[in-house]
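# Survey of secondary and tertiary structure
What follows is the residue order along each chain.
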Amino acid sequence: MEILMPQLGETVAEGKITTWFKAIGDAVKPGDNLFEIETDKVSMEVPATAAGVLAEIRVEAGEVAPVGAVVAVLSGAAGATTAPAPKSVGPVPPLSPGLPRTSIVLPAHPSPAHMAPATPPIMLDPFREVRTPERNFGPAKLPSGVVVTPLARRLAGEAGIDLGRLVPSGPHGRIVARDVEAVIGQTRALDDAFGTRRPQRLPAPDPDRIKALYEPGGYEEIPLDGMRRTIAARLIEAKQTIPHFYLSADVAMERLNAVREEANAAVLPDEAGKPALRLSINDFIIKALALALQRVPAANAVWAEDRILRFRRSDVGVAVAVEGGLVTPVIRGAEKKSLLDISAEMKDLSARARLRKLKPAEIAGGVTAISNLGMHGVREFAAIINPPHATILAVGAAARRPAETADGAIRFLSQMTVTLSCDHRVVDGALGAALLGAFRHFIEHPVGLMI
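Let me sum up the structure you'll find in this document. (Residues numbered from 1 in each chain as written. Predicted model: local features only at pLDDT ≥ 70, side-chain atom pairs only at ≥ 80, totals over all residues. Heavy atoms only, no water.)

Attention shifts here to the overall build of the protein chain. Within the protein chain, the secondary structure is distributed over eleven helices and 19 strands. Counting only residues that meet the buried cut, the protein chain has 43% of its 451 residues in that class. Of the contacts formed within the protein chain by residues at least 6 apart in sequence, a portion of 65% connects residues at least 24 apart. For the protein chain, the exposed area adds up to about 24,000 Å²; of that, 57% sits on carbon and sulfur atoms. (Helix = DSSP H or I, 4+ residues; strand = E, 2+ residues; numbered from the N terminus. Buried < 20%, exposed > 50% of the residue type's maximum accessible area, 1.4 Å probe, protein only. Contact = heavy atoms within 4.5 Å. Areas by Shrake-Rupley, 256 points an atom, 1.4 Å probe, with all protein chains shown as cover.)

Below, the structure written as structure tokens:
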């Protein structure tokens, strides 16, 4: 039985094996931990799903393999190729700098026949999307119920064709490759007739071309790890596919600072005489944005390709800087949680994020996100939306600035500049302004955050 590199999330493309718990020739029972993997965001132990003997290890500790690659072979196990199910573990011990980093290359879009097992699998495979074009080109069944063959999905995805507009001609009402090819042919004919051309794919990256611009030996090459590659791919996708626009506002912080100071002073100390818990500005920001989404429910939504998903609950992601990049754990139902609960949960998520101990479910989903660089002295900035979110709030540093008061006088007041990035497909200008206005109201009237 072949053991595959599992997929721990829809955006995870590869994993690095950090430790093998079994050696070649060792007996393996169902539930025994086989190896430990580190993805771009989390660390996991992967247990066996069948009994047998570990006959072959194809990806050694320290090596990187793409999702779906064969990492080991288990002999004497009944069943077929399957991906073991992972479980969360503690922090990963640091690897020696001398360990190699290699990649295993698979066909870009393997067909079901290429990857299908010879006999029925011994378990329901939760990583089925690894073996079909679903992860790259969408599900096999459209919302209308029409089934699309894998080749048709790939062709349509590469050509940018909306499958929902095609007339199926295949057996049992399926959309097949010839249906897509017919539309591609029609599009090319129109391009030729009107002298237009569709955008061409960019050439593959050529690092040697960049290196040739600089003097040899004058730089250090830093290989990209899984996290940095994922961040690069997601940001390119976001900027190329999401029509961003930005709204900025200055928020008065005088009342919030006073309420926060009083609340922290009221917290009972622990056994060591130190405050048991201290509320941060970020805790108030999370709660304020969650309540603002409840006040402006049309903005509590995400883009889902051919539709908009609008949510009842405010699930707010918060960007956390970790070594080599960032992760965005999600505070679920933040509108119903107290500031103390949000503070305790955020501290726990942040600590485990830096140790790469977050579970995939803790970083998946969410409706919006917050990126706060105020603690680094940044006055204001615009953040890139994290798909499929429709908004992200960039928070700058609070500082005393001259401002005109209601009586026309000029005073120095504590203010914070925030910028809301919006996906215009979901949130238009007026709706974004309403959301930002609701957020500012809750920050400037912080008692409402504590009720």
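Right, picking up where we left off after that structure.
What follows is about unusual backbone geometry. Backbone torsion omega between P387 and P388 reads 5 degrees, so that peptide bond is classified as cis. Residue placement: P388 occurs in the loop between β17 (368-372) and β18 (391-404). Unlike most non-glycine residues, E305 shows phi in positive territory, near 65 degrees. Within the element layout of this structure, E305 appears in the loop between β11 (301-303) and β12 (308-310). Taking relative accessible area as the criterion, E305 reaches 65% and is therefore assigned exposed.

Our next topic: the pairing of strand β5 (residues 43-47). Counting buried positions along β5 gives five out of five residues, so the element sits mostly inside the fold. With burial as the criterion, each face of β5 is covered, one bearing S43, E45 and P47 and the other bearing M44 and V46. The sheet contact formed by strand β4 (residues 33-38) and β5 spans five bridges and is antiparallel. Considered in β5, the bridge of E36 is made with E45. (Pairing = 2+ DSSP bridges.)

Moving on, we get to the packing of aromatic side chains. A full pass over the atoms with the stated rule returns one aromatic pair. Between W20 and F35 the ring centres are 4.9 Å apart and the planes differ by 55 degrees, which places this aromatic pair in the tilted class. Here the residue W20 occupies a position in strand β2 (residues 14-20), and F35 occupies one in strand β4, the gap between them amounting to 15 residues. Here W20 falls in the buried class, since its relative accessible area comes to 15%. With a relative accessible area of 0%, F35 lands in the buried category. (Phe/Tyr/Trp six-rings, centres within 6.5 Å; stacked < 30°, edge-to-face > 60°.)

One can find V146 in the loop between α2 (134-137) and α3 (150-159). Residue V146 is classed as partly exposed on the basis of its relative accessible area, which comes to 22%. C-alpha of V146 to C-alpha of I175: the two residues are 29 residues apart in sequence and 7.3 Å apart in space. Once residues within four sequence positions are removed from consideration, V146 is found in contact with A140, K141, P168, G173 and I175.

Once that is clear, we can look at the pattern of salt bridges. Tallied over the entire structure, the rule returns 13 salt bridges. Put simply, K29 and D32 hold a salt bridge, and the shortest N to O gap is 3.6 Å. Classification of K29 by relative accessible area gives exposed; the value is 53%. A relative accessible area of 15% places D32 in the buried class. Put simply, R58 and E56 hold a salt bridge, and the shortest N to O gap is 3.0 Å. Taken together, the salt bridges that share partners define one network made up of K22, K29 and D32. (Salt bridge = Lys/Arg side-chain N within 4 Å of Asp/Glu carboxyl O.)

In this section: the nonpolar core. If you look at the biggest cluster of nonpolar residues, it comprises 55 residues, and the most contacted ones within it are I285, I286, L393, V418, F439 and I443. With residues near it in sequence (within four places) discarded, L393 still touches I285, L289, A369, I370, S371, V418, T419, L420, L436 and F439. In terms of nonpolar packing, the next biggest core, distinct from the first, is built from 21 residues, I3, V46, A50 and L54 among them. (Core = buried A, V, L, I, M, F, W, Y, C linked by side-chain atoms within 4.5 Å.)

Each α-helix winds once per 3.6 residues, and so residues spaced three or four apart point in a common direction. An ideal rise of 1.5 Å per residue puts 22 Å on 16 residues; helix α11 (residues 429-444) measures up with 22 Å between its terminal C-alpha atoms. L431, G432, L435, L436, A438, F439, F442 and I443 are the residues of α11 that are buried. Taken around the axis of α11, the buried residues stretch over an arc of 155 degrees, which confines them to a single face. Elements in contact with the buried residues of α11: β10 (244-252), α7 (254-266), α8 (281-295), β18 and β19 (410-423). (Expected span 1.5 Å × (residues − 1). Arc of directions from axis to C-beta.)

This next bit is on the sheet that holds strand β6 (residues 52-57). The strand order across the open sheet built from four strands is β1-β8-β6-β3, with neighbouring strands paired in antiparallel fashion. Edge positions in the sheet fall to β1 (2-4) and β3 (27-28), since each has one partner strand and no second. In the sheet, β1 pairs with strand β8 (residues 70-75) via three bridges, with the strands oriented antiparallel. Across the sheet, residue E2 finds its bridge partner in β8, namely V73.

This next bit is on the side chain of H244. Following the sequence through the fold, H244 ends up in strand β10. Reaching out from H244, the side chain makes a polar contact with the backbone nitrogen of I385 at a distance of 3.1 Å. Discounting chain neighbours no more than four positions away, the residues touching H244 are A238, K239, A383, I384, I385, S421 and C422. (Polar contact = N/O pair within 3.5 Å; in protein donor to acceptor, adjacent residues only side chain to side chain.)

Mapping N33 onto the fold places it in strand β4. For N33 and E45, which are twelve residues apart along the polypeptide, the C-alpha to C-alpha distance reads 6.4 Å. A polar contact of 2.7 Å, which involves the side chain of N33, links it to the side chain of E45.

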